[in-house]
Amino acid sequence: MPPVLRTYELESEKVEGEIVVMMLSDLHGASFGKDNEYILAVADEIMPDLVVMVGDMFNHENEDECDIDTAVLLVKNLSEKYPVFYSMGNHELDRIYRGA
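Now for a description of the structure that goes with this document. (Residues numbered from 1 in each chain as written. Predicted model: local features only at pLDDT ≥ 70, side-chain atom pairs only at ≥ 80, totals over all residues. Heavy atoms only, no water.)

Notes on helix H1 (residues 37-46)
Each turn of an α-helix holds 3.6 residues, which means side chains three or four residues apart point in the same direction. Selection rule: Burial status follows relative accessibility: with a 1.4 Å probe on protein chains alone, a residue under 20% of its type maximum counts as buried, one over 50% as exposed, and anything between as partly exposed. Helix numbering and strand numbering both begin at the N terminus, where a helix is a DSSP run of H or I of at least 4 residues and a strand a DSSP run of E of at least 2. In this context, the arc is that of the directions from the helix axis out to the C-beta atoms.
Among all positions of H1, only Ile39, Leu40, Val42 and Ala43 are buried. End-on, the buried residues of H1 take up no more than an arc of 160°, which puts them together on one face. Met47 sits one or two residues past H1 and shows a positive phi near 50°.

Some thoughts on the pairing of strand E2 (residues 50-53)
Rules: Only strands that DSSP links by at least two bridges are regarded as paired with each other. By convention, orient the strands away from the viewer: a clockwise path from the first strand over the helix to the second makes the crossover right-handed.
With 4 bridges joining them, strand E1 (residues 21-24) and E2 adopt parallel strand pairing. Each bridged residue has a counterpart across the sheet, and for Met23 the counterpart in E2 is Val52. In this region the chain leaves E1, passes through H1 and returns to the parallel neighbour E2; the handedness of that crossover is right-handed. Bridging between E2 and strand E3 (residues 84-86) involves 3 bridges; their strand directions are parallel. Paired with Val51 across the strands is Val84, a residue of E3.

Below is the structure:
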């Protein structure tokens, strides 16, 4: 299933000008194209001021590390061009607590 791309416009008197935020959530180890080239292309198209990754980038029940490697590579590639902020979701926390 391809990722869902949604665009929202919000206005605030506290912010001058435009800020573009790219939010990624619940990828669960999926890769969209080789090394997530689709997500990287979207980022390059919208040129975000920051990228927020809000958890569940991999699965807690997966026993191998390939889904973690996919998430780490995506963070690495995005952070070479854009500020990236990553918060852990329940899947990341489950992997940490069970020692995987």
